[in-house]
Amino acid sequence: MQSQQKHKNIIKSKILFLLLFIFVGNSITIHAQKEYVVVLDAGHGGKDPGNLGNGYKEKNIALKVALKVGANLKKYKDVKVIFTRKSDVFIDLWKRGDIANHAKADLFVSIHCDSHTSNAYGAGTFVLGLRGNKKNLEIAKRENAAILLEDNYQNRYEGFDSNSAESVIGLSLLQEENLDKSLAIASLIQNNFTFKLKRNNRKVKQDNFQVLRETIMPSVLVELGFLTNKKEGRFLNSSSGQTKMANEIADAIYNYIKNQKLNTVLEDVTSKNYFDEVEFKVQVASGKNKIATKSYNFKGLKNIERVKVGGYYKYYYGNSTSYNLVKKALSLAKSKGYKSAFIVAVKNGEKISVKEALKMQ
């Protein structure tokens, strides 16, 4: 009798694994067919030159980099690229967001160059937010000043004063539903600048850019560097420098898209329970610091679980009752840089060895 029941359980498990395989396969196919729309916005243009540090024109550099980013992304069949401008023309700030919104874009990336009265240098990436210091406010005020060049700006931005902190902050209502994704893509871009190109890291920051406020999808504003710094300005004005910066922006964007696909597949499948006894998960980190389980703190990985064990916090990813799916989650975690990540198994709230868990299945 026990032998017959065991045989039935084995058959049931095989059927469930087969259904799981079919489900995962179909999910990957469905999401692979989705076309991701990316809007690339070259800052300034036409009558608005942007900053003119050391005689270089921000509008020209931003356009050349944006076009190079687009050329890279067009190589991928699942990416559709839209430019807010492809030539030296002036585009209203509201219109840039409007282009992205009407295209139902999945991502909006605005490209700029910075300036400063000092010899500051380095690349930075911004997302929309209310948090910002005085230095960031100055950057936001400079970029938002393009509003004053728009036709009929008095009516469209009634009461706006580009030199007023209150006006700038009043314009930046946080898009909470997009913030995590905006921070995720911003971190990928910033990491590429910092670790691949060895640019000075001015980090990911939140501040009040009108062009980001106009969009209804994950959005970032990239400051490639400072034209007012002679060495950096020369680099950004060169074809080589523009190509290098563009390559890393495009690489970050496509990695972001791949993350969205993989996370969606994992979310779809891991919401189903296929085995009752054991839960598998990937431990990606452990330490004494309590870290918010936001995707931008974990290189784009979503649904991180934090568990306190004694004086330490352990962080887990990819919780599932399917060992095969957790193996996929482990591969993804390692590809993100979590080289020491490993799978753990839990039964009835107690940690058991993976070997023991697999014997149960």
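For the structure itself, look to the data block above.
Here's a quick rundown of the structure.

Rules of the game
- Residues numbered from 1 in each chain as written.
- Predicted model: local features only at pLDDT ≥ 70, side-chain atom pairs only at ≥ 80, totals over all residues.
- Heavy atoms only, no water.
- Helix = DSSP H or I, 4+ residues; strand = E, 2+ residues; numbered from the N terminus.
- Contact = heavy atoms within 4.5 Å.
- Core = buried A, V, L, I, M, F, W, Y, C linked by side-chain atoms within 4.5 Å.
- Buried < 20%, exposed > 50% of the residue type's maximum accessible area, 1.4 Å probe, protein only.
- Pairing = 2+ DSSP bridges.
- Axes fitted to C-alpha atoms, helices over the stretch in contact; angles between N-to-C directions.
- Expected span 1.5 Å × (residues − 1).
- Arc of directions from axis to C-beta.
- Polar contact = N/O pair within 3.5 Å; in protein donor to acceptor, adjacent residues only side chain to side chain.

## Examining the side chain of Asn-259
Item 1. As for its placement among the helices and strands, Asn-259 is situated in helix α10 (residues 239–270).
Item 2. Here Asn-259 is in contact with Leu-188, Lys-299, Leu-332 and Lys-336, once residues within four sequence places are set aside.

## Let's talk about the nonpolar core
Item 1. Judged by nonpolar contacts, the single largest core of 44 residues is most densely connected at Val-69, Leu-73, Ile-111, Phe-193, Leu-224, Ile-249 and Ile-253.
Item 2. Setting aside residues no more than four positions away along its own chain, Ile-111 makes contact with Asp-41, Ala-42, Gly-43, Ala-62, Val-65, Ala-66, Val-69, Val-222, Leu-224 and Ile-249.
Item 3. Ranked by size, the runner-up nonpolar core spans 23 residues in total, among them Phe-280, Val-282, Ile-304 and Leu-330.

## A look at the sheet that holds strand β3 (residues 107–114)
Item 1. With respect to topology, 6 strands assemble into an open sheet ordered β2-β1-β3-β6-β4-β5, the strand pairing being mixed. Of all strands in the sheet, those with a lone pairing partner are β2 (79–83) and β5 (201–207), marking the two edges. Strand-to-strand twist of the sheet, defined as the mean angle between neighbouring strand axes without regard to direction, takes the value 20 degrees.
Item 2. Running at roughly 170 degrees to strand β1 (residues 36–42), helix α3 (residues 93–102) makes contact with β1, β2 and β3 of the sheet.

## Section: helix α11 (residues 323–335)
Counting along an α-helix, one turn takes 3.6 residues, and residues three or four places apart therefore face a common direction.
Item 1. Between its first and last C-alpha, α11 extends 18 Å over 13 residues, near the 18 Å set by a 1.5 Å rise per residue.
Item 2. Positive backbone phi, approximately 115 degrees, marks Gly-337, located one or two places after α11.

## Digging into unusual backbone geometry
Item 1. A positive phi is found at His-44, a non-glycine position, where the angle reads about 65 degrees.
Item 2. In this structure, His-44 sits in the loop between β1 and α2 (58–73).
Item 3. A positive phi angle, close to 70 degrees, is found at Lys-203, a residue other than glycine.
Item 4. By the secondary structure assignment, Lys-203 is in strand β5.

## Re helix α9 (residues 230–237)
Item 1. Buried within α9 are the following residues: Glu-232, Gly-233, Phe-235 and Leu-236. Down the axis of α9, the sector holding all buried residues measures 160 degrees, keeping them to one side. Of the exposed residues in α9, those oriented more than 90 degrees away from the buried face are Lys-230, Lys-231 and Arg-234.
Item 2. In this structure Asn-229 caps α9, since a side-chain oxygen of it lies 3.2 Å from the backbone nitrogen of Lys-231.

## So, the pairing of strand β10 (residues 342–347)
It is a general feature of regular strands that their side chains alternate between the two faces of the sheet.
Item 1. Note: strand β7 (residues 278–287) against β10, 6 bridges, orientation antiparallel. Residue pairing for β10: Phe-280 is matched across the bridge by Ala-345.
Item 2. Two strands pair when backbone bridges link them, and β10 and strand β11 (residues 350–352) are joined in this way by 3 bridges, in the antiparallel orientation. Paired with Val-346 across the strands is Lys-351, a residue of β11.
Item 3. Count of turn residues in the β10/β11 antiparallel hairpin: 2 residues, of which Asn-348 carries a positive phi of about 50 degrees.

## Description of the sheet that holds β11
Item 1. Spatially, β8-β9-β7-β10-β11 is the arrangement adopted by the 5 strands of the open sheet, whose pairing is antiparallel. The two strands at the open ends of the sheet, each matched to only one other strand, are β8 (305–309) and β11. Each strand axis lies, on average, 45 degrees off the axis of its neighbour in the sheet, ignoring direction.
Item 2. As defined by bridge partners, β7 adjoins strand β9 (residues 312–320) across 6 bridges and the pair is classed as antiparallel. Counted as the bridge partner of Ala-285 is Tyr-315 from β9.
Item 3. Contacts from α11 reach β7, β9 and β10, with the element oriented near 20 degrees to β7.

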